[in-house]
Amino acid sequence: MDYHNYDEELNKDSQLESLQQEIDLRNQQLSVIEHKLNDTCAASRKLVIGLTEKVMKTERRLLEFEHMYHELERMYHERSTTVEQLMNEKRKLYEGYIQEIRKEKSINIKLKQDMMCQKKELVQQTKELEECKAQNDLERRSLTDRMEKLMQLKGKLQNPCPAESDSKLKAQIIALSDQLKEKTEELQDCESLNRVLIVKEMSFRQELQDARKELISGLQGMLQGRSKLVIRRMGEIDKKAFDHMCSEKFSNEDWQGVSAQLCSLWQEHLRDPNWHPFKNIEDGGNQRAIIDDDDEKLKELRHEHGEVVYKAVTNALLELNEYNPSGRYTVPEIWKVKEGRRATLQEIVQYIIKQLKTHKRKRS
């Protein structure tokens, strides 16, 4: 009996040691992720500072007016000045306060209009770049075809017919060579312009991506509760599916602990770069990746835990394949809860401006 208890204690110690190692490994992974997040947060604070700078400026002015107002009230009691004089001073102070509020509201409206104009300008420029790129591709193909025809004609002329004179052939060859040179230069110009347009397009896209990353980082602590917008981690498995399954399947056990372990296990599977449960299909002339239902691991998941859990895992897989197929780790995204999609930059800016206005009304 003592040996049996001793073996049990050894097994428990071994299990505890394994759990401790797993916890240490998870802590190391969390530390790496936290380090990366801290690096990105340093740059994101600039956006938050920019958005709150005008609010802080207004608050300082309001505090100054409030301080002046209290000073006048104190002077009224200490110096026993006339009521009419104090009322006049108070009225002027209040009018100045109202003017400042109106001025700040006007500034906010102009800021919103400027942001909307910049957004429209970026969209228009992107559209124009895409149109120019398509036109340049078309012209380049046309010039290439013409060059090929000219080269073929030049090849034919290099084998002169006996009936034609040498001088006439030479003149034709020179004319064709000049045309070929001219078309070659036109093609090079088109390619150069196309490269410039591609660089500009990439710059605009990168600018929009950087702005979105700054917004996501700056709004991490603001989008909470019943907000219309939330920060959602794309590629993260919905734990509610595992909770629902485990509450029914393991009702007599610690189903919450089992659910947490299973969800964590499958999240680790999703991070495995060697596991690629996708297949490509042709959709409108383009290749599109979908879930491979014949994948052995997914078939086992569906068989053991049901359709709800299977859907939760495959949805997370599709999100990872869309947002981070190379890294295979979750990516934060601003999500519009009601419509079940990611929020546009315009919607995010409108939300921020609305929150600033609400904050000012509360302060007043």
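Cut-offs used in this document
- Residues numbered from 1 in each chain as written.
- Predicted model: local features only at pLDDT ≥ 70, side-chain atom pairs only at ≥ 80, totals over all residues.
- Heavy atoms only, no water.
- Axes fitted to C-alpha atoms, helices over the stretch in contact; angles between N-to-C directions.
- Helix = DSSP H or I, 4+ residues; strand = E, 2+ residues; numbered from the N terminus.
- Contact = heavy atoms within 4.5 Å.
- Nonpolar A, V, L, I, M, F, W, Y, C, P; charged D, E, K, R; others polar.
- Patch = residues over 30% accessible without salt bridge, like charges linked within 9 Å, V, L, I, M, F, W, Y side chains within 5 Å.
- Areas by Shrake-Rupley, 256 points an atom, 1.4 Å probe, with all protein chains shown as cover.
- Salt bridge = Lys/Arg side-chain N within 4 Å of Asp/Glu carboxyl O.
- Lys, Arg positive; Asp, Glu negative; His and termini not counted.
- Charge placed at Lys NZ, Arg CZ, Asp CG, Glu CD.
- Buried < 20%, exposed > 50% of the residue type's maximum accessible area, 1.4 Å probe, protein only.
- Core = buried A, V, L, I, M, F, W, Y, C linked by side-chain atoms within 4.5 Å.
- pLDDT = per-residue confidence, 0-100.
- Pairing = 2+ DSSP bridges.

Caption draft 1: Quick look at the packing of helix 6 (residues 296–305) against helix 7 (residues 307–323). Here helix 6 crosses helix 7 at 145°, and the two axes come no closer than 7 Å. Residues Leu298, Leu301, Arg302 and His305 of helix 6 form the contact with helix 7, whose own contacting residues are Glu307, Val309, Tyr310, Val313, Thr314 and Leu317. The residue inventory of the contact of helix 6 with helix 7, partitioned by class, reads six nonpolar, two polar and two charged.

Caption draft 2: Representation of a positive patch on the surface in the model. A contiguous patch of positive charge on the surface is contributed by Lys228, Lys338, Lys354, Lys357 and Arg361. Looking at the element boundaries, Lys357 is found in helix 8 (residues 345–363). A residue is classified by how much of its surface remains accessible, and Lys357, at 32% relative accessible area, is partly exposed.

Caption draft 3: Region of interest: the nonpolar core. If you look at the biggest cluster of nonpolar residues, it comprises 22 residues, and the most contacted ones within it are Ile237, Phe242, Leu270, Leu298, Val313 and Leu317. Secondary-structure elements contributing two or more residues to this core are helix 4 (239–249), helix 5 (255–271), helix 6 and helix 7. By residue number, the principal contributor to this core is helix 7, which donates seven residues. One finds Ile216, Leu229, Ala343 and Tyr351 within the second-largest nonpolar core, a separate group that totals 12 residues.

Caption draft 4: How the structure looks around the confidence of the model for the protein chain. Looking at the protein chain as a whole, the pLDDT averages 76, with 69% of positions reaching at least 70. Below pLDDT 50 for its whole length, residues 160–164 participates in two contacts with residues either more than four positions away or in separate chains.

Caption draft 5: The arrangement of the sheet that holds strand 4 (residues 331–336) in detail. The strand order across the open sheet built from three strands is 1-4-5, with neighbouring strands paired in antiparallel fashion. Edge positions in the open sheet fall to strand 1 (229–234) and strand 5 (341–342), since each of these has one partner strand only. Strand direction decides the pairing type here: strand 4 and strand 5, joined by two bridges, are antiparallel. If you follow Lys336 over to strand 5, its bridge partner there is Arg341. Sitting on the sheet, helix 7 touches strand 1, strand 4 and strand 5, and the angle it makes with strand 1 is about 90°.

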